[in-house]
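Chains, contacts and geometry: an overview
Each chain, letter by letter, is given below.
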Amino acid sequence: MDAPVVLLVVTFLACLAIGVPIAVSIGAATAVTMLVTIPLEPAVTTTALRMATGIDSFALLAIPFFILSGRLIAEGGMAQRLIDFAKVLVGGFAGGLAYVNVLASMFFGTISGSAVAATSAVGGFMIPAMEDEGYEREYSVAVTMTGSATGLIIPPSNILIVYSLASGGVSIAALFVAGYVPGILLGLALMLVGAVIAKRRRYPVAGRPGLAEGFRAFLRAIPSLLLIVIVMGGIIAGIFTATEASAVAVVYSLILAVPVYREVRVSDLPQILLKSAETTAIVMFLIATSTALAWILSYENLPQDLAAFLLSLTDSRVLILLLINLLFLVVGTFMDITPAVLIFTPIFLPVAHELDISSLHFGIMMVLNLCIGLCTPPVGSILFVGCGIGRTTVARTTRALLPFYAVMVLVLLLVVYLPWLTEALPRLLGY
Amino acid sequence: MPANGFVALLTLVVDRVERTLAWLLVLLMGVMVVDVTWQVVSRFLLRAPSSFTEELAGFLLIWVGILGAAYGFRTRAHLGIDLLVSRLRSGARRAVTILAHTVVVLFALSVMVIGGTLLVRLAFQLDQISAAMGIRVGFVYLVLPLSGVLITLFSIESIARAIAVPVER
């Protein structure tokens, strides 16, 4: 590595260590590196320009809308209906509430496209409910968090939109479709671990509601589930772009939350808009500074150098994939998923192409990998929210998470080494 | 103490600014929703896709993203690592916190205020005009220095408060 890149890494880590927000750490490292590379005036102007143009994309507009509809869904009474429906489906097994939790978090993460929203909406209800039935609290938090992370891979998914941008335009629709099989596989694996633990600890059966009541719960969940059908159906059929679908999702969830379910008042809307704008801005600011960083990295020729270096180590596809994934796992523990995708896609996608790995396969593998990092300390947005909702510490939750980490890594390996898991469904649908 | 009086006044001003900023964000976000919804409606129902909605939505996103980021500094919503800092003793912690805020101020001033202003000037000099709406692109970039000033203000207030609060023993 040459001097500017070393300077960049050192500045970034030093900023992170003293508690500078991640987005500014990225921006400061970029600016410092630019200063030693090009003169002062163009350096600050270029950084500013890259930040502004980084957000200027119609595809990214889907992100604020999925965030907004996620918040409307969370506060609009749809979470409760989804939980009731999940109870009908899987409540009857030993450790039933754990299944219900994973399934509800998946539904919710899927509908809202936000794992953090899923953790707080589903966890806020499920964690106390599970505690009442004698589940250990940390176990419930772990189940909620990993279930919500799964929702990031099952479409619609904001992070896959970010990847589409970073990869230079892989079809969002194709990425969405590609996420189904790995996402559902991960969800099933998590339920399996949850079940084994529940059985060993003799956690109670939740009790399946009777047939009539079950049918009623299903009917009540239909409007919420229909949202997935409209959004994903519209995107897959090519009726909507992802951005248009996200706007439809906002209007649909607004209608459900305000006039139909009456859980959100019109006077609550400014606060919901403000909170959504804040969440949007946090993601956008990360995108802005990460885009600037990715630009300076490619200016320093880092992607080419690193690709050449990796390929000089070994020509074994299996080993290189393993190396890349280990790196992502480590990076994912302390970096948020959005900057990680924006910075590492331009660096590693060329290597992946060199190894005959499709952009589609690489994207799903990367996002799945980084999702694990969202639940690991020291930095993990899901981890922080989950521990906050469950009123427990990161250390205790981490211990409860260990078996779930193990199975997530196992599913990751499957997705990495069996490309057809990702690629079969998009191919079937003609992408 | 007069120093504490100054901090209290600063906090009062910053609270006002925060509230104004909040309403501006609500407005921008609301317009963005209406704008893109209108685009969907005009394309499907009226069969006459509107040409300026897409461009307007992109500009609004830049404003919500960059201006909202300033709001996020006030509400401490940005992600960061406090693992190391939280282990320090309170005196050292205060020093490191002040240092972190100073880094934010330096970044906001150099890249966003100075870099952003140069960018705005450049866009006006080149007379860049947007394709659909025909507005000057310089106005869009204006959000960078504006947000930079706000971030600087919010961070300075945080530093002032950190200094004013006595260190716990």
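Residues numbered from 1 in each chain as written. Chains lettered and ligands numbered in written order. Predicted model: local features only at pLDDT ≥ 70, side-chain atom pairs only at ≥ 80, totals over all residues. Heavy atoms only, no water.

A word on the overall build of chain B
Rule in force here: The way it works is that DSSP assigns letters per residue, a run of H or I at least four long becomes a helix, a run of E at least two long becomes a strand, and they are numbered from the N terminus. Atoms counted for the radius of gyration: C-alpha only. Globule rule: 2.2 Å times residue count to the power 0.38. Residue contacts are counted whenever heavy atoms from the two residues lie within 4.5 Å of one another. Calculation of accessible area relied on Shrake-Rupley with a 1.4 Å probe; when residues are assessed, cover is drawn exclusively from the protein chains displayed. The sign given to each residue is positive for Lys and Arg and negative for Asp and Glu; His and the chain ends receive no count. Charge positions come from single atoms, namely NZ of Lys, CZ of Arg, CG of Asp or CD of Glu.
From N to C terminus, chain B includes five helices and zero strands. Ordered by position from N to C terminus, the α and β elements of chain B give α-α-α-α-α. Relative to a compact globule of 169 residues, whose C-alpha radius of gyration would be 15 Å, chain B shows 20 Å and is clearly more extended. Dimensions of chain B, computed from the C-alpha atoms along their principal axes, are close to 70 × 35 × 30 Å. Look at the contacts in chain B between residues 6 or more apart in sequence, and 75% of them connect residues 24 or more apart. For chain B, the exposed surface amounts to about 8800 Å²; the carbon and sulfur share of it is 68%. Between the centroid of the 14 positive side chains of chain B and the centroid of its 9 negative side chains there is a distance of 9 Å.

A look at the nonpolar core
Generally speaking, soluble globular proteins have nonpolar side chains that are buried together. Our working definition: The set of buried Ala, Val, Leu, Ile, Met, Phe, Trp, Tyr and Cys residues whose side-chain atoms join them within 4.5 Å is what this entry labels a nonpolar core. Type-normalised accessible area, obtained with a 1.4 Å probe on protein chains alone, sets the label of each residue: buried when under 20%, exposed when over 50%, and partly exposed for intermediate values.
Counting 216 residues, the largest nonpolar core has Met51, Tyr139, Phe285, Phe344 and Phe362 of chain A together with Ile66 of chain B as the members making the most contacts within it. For this core, the element with the most residues is helix H10 (residues 172–200) of chain A, which contributes 15 residues. Apart from residues lying up to four places away in sequence, phenylalanine 285 of chain A is in contact with Ala23, Val24 and Met51 of chain A together with Ile66, Ala69, Phe73, His78, Phe107, Met112 and Ile151 of chain B.

Digging into helix H3 (residues 40–55) of chain A
Where we set the bar: Expected span of a helix: the number of residues minus one, times 1.5 Å.
Between its first and last C-alpha atoms H3 of chain A spans 24 Å; for 16 residues at 1.5 Å apiece the expected length is 22 Å, and the two agree. Within the span of H3 of chain A, buried status applies to Ala43, Val44, Thr45, Thr46, Thr47, Ala48, Met51, Ala52, Gly54 and Ile55 of chain A.

Some words on the pattern of salt bridges
The line we're drawing: Here, a salt bridge means any Lys or Arg side-chain nitrogen found within 4 Å of an Asp or Glu carboxyl oxygen.
Evaluated as defined, the whole model comprises 15 salt bridges over all chains. Ionic pairing is found between lysine 275 of chain A and glutamate 278 of chain A, a salt bridge with its closest N-O pair at 3.5 Å. Of the two residues, lysine 275 of chain A and glutamate 278 of chain A both sit in helix H13 (residues 269–299), three residues apart, roughly one turn of that helix. Judged by its relative accessible area of 26%, lysine 275 of chain A is partly exposed. When its relative accessible area of 8% is taken as the criterion, glutamate 278 of chain A is described as buried. For aspartate 127 of chain B, the salt bridge is made with arginine 136 of chain B, and the minimal N-O distance between the two is 3.1 Å. A relative accessible area of 38% places aspartate 127 of chain B in the partly exposed class. Among the charged side chains, a salt-bridge network with shared partners connects Asp15, Glu18, Arg74, Glu157 and Arg161 of chain B.

Comments concerning the interface of chain A and chain B
By a widely used convention, the size of an interface equals the accessible area lost when the partners come together. Stated formally: Note on terms: buried area is the combined drop in 1.4 Å-probe accessible area of two parts once they are placed together, counting the loss on both. For this analysis, a polar contact is any N or O atom pair within 3.5 Å, provided that within protein one partner can donate a hydrogen and the other can accept it, and provided that sequence-adjacent residues contribute only side-chain to side-chain pairs. Charged means Asp, Glu, Lys or Arg here, nonpolar means Ala, Val, Leu, Ile, Met, Phe, Trp, Tyr, Cys or Pro, and polar covers whatever is left, Gly included.
Opposite the 57 residues of chain A that make contact, chain B presents 53 residues. Taking both partners together, chain A and chain B bury about 4600 Å²; carbon and sulfur atoms supply 84% of that area. Of all residues in chain A, Ile18, Leu274 and Phe285 of chain A bury the most surface against chain B, accounting for 13% of the area lost on that side. For the pair chain A and chain B, the interface holds one salt bridge. For the interface between chain A and chain B, the tally reads three residue pairs in polar contact (both at pLDDT 80 or more). When contributions to the side of chain A that touches chain B are tallied by element, the ones reaching two or more residues are helix H1 (3–17), helix H2 (22–37), H3, helix H4 (62–75), helix H12 (242–260), H13 and helix H18 (381–390) of chain A. Here the side of chain A that touches chain B gets 13 residues from one element, more than from any other, and that element is H13 of chain A. When its residues are assigned to classes, the side of chain A that touches chain B shows 41 nonpolar, eleven polar and five charged.

A look at a nonpolar patch on the surface
Put simply, the rule is: Like charges within 9 Å and nonpolar side chains (Val, Leu, Ile, Met, Phe, Trp, Tyr) within 5 Å are joined into patches, using only residues over 30% in relative accessible area that form no salt bridge.
Taken together, Phe215, Phe218, Leu219, Ile222, Leu226 and Val229 of chain A make up a surface patch of nonpolar side chains, about 520 Å² in accessible area. If you trace the backbone, leucine 219 of chain A turns up in helix H11 (residues 211–236).

Some words on the confidence of the model for chain B
Heads up, the condition is: Note on scores: pLDDT gives the predictor's confidence for each residue, bounded by 0 and 100.
The share of residues in chain B with pLDDT of 70 or more is 96%, and the mean pLDDT across the chain is 89. Both scores are available for the predicted complex, with the pTM at 0.89 and the ipTM at 0.93.

Looking at the environment of leucine 153 of chain B
All names here are of chain B. One can find leucine 153 in helix H5 (residues 143–164). Leucine 153 sits in the partly exposed class, given a relative accessible area of 26%. Here the alpha-carbon distance between leucine 153 and alanine 108, two residues 45 residues apart in the chain, equals 9.9 Å. Beyond its immediate chain neighbours, meaning those up to four positions away, leucine 153 contacts Val14 and Val17.

A few points about the side chain of threonine 45 of chain A
Within the secondary structure, threonine 45 of chain A is located in helix H3. Of the polar contacts made by the side chain of threonine 45 of chain A, one reaches the backbone oxygen of glutamate 41 of chain A; its length is 2.6 Å. If we skip the residues at most four places from it in the chain, threonine 45 of chain A touches Gly115, Leu118 and Leu119 of chain B.

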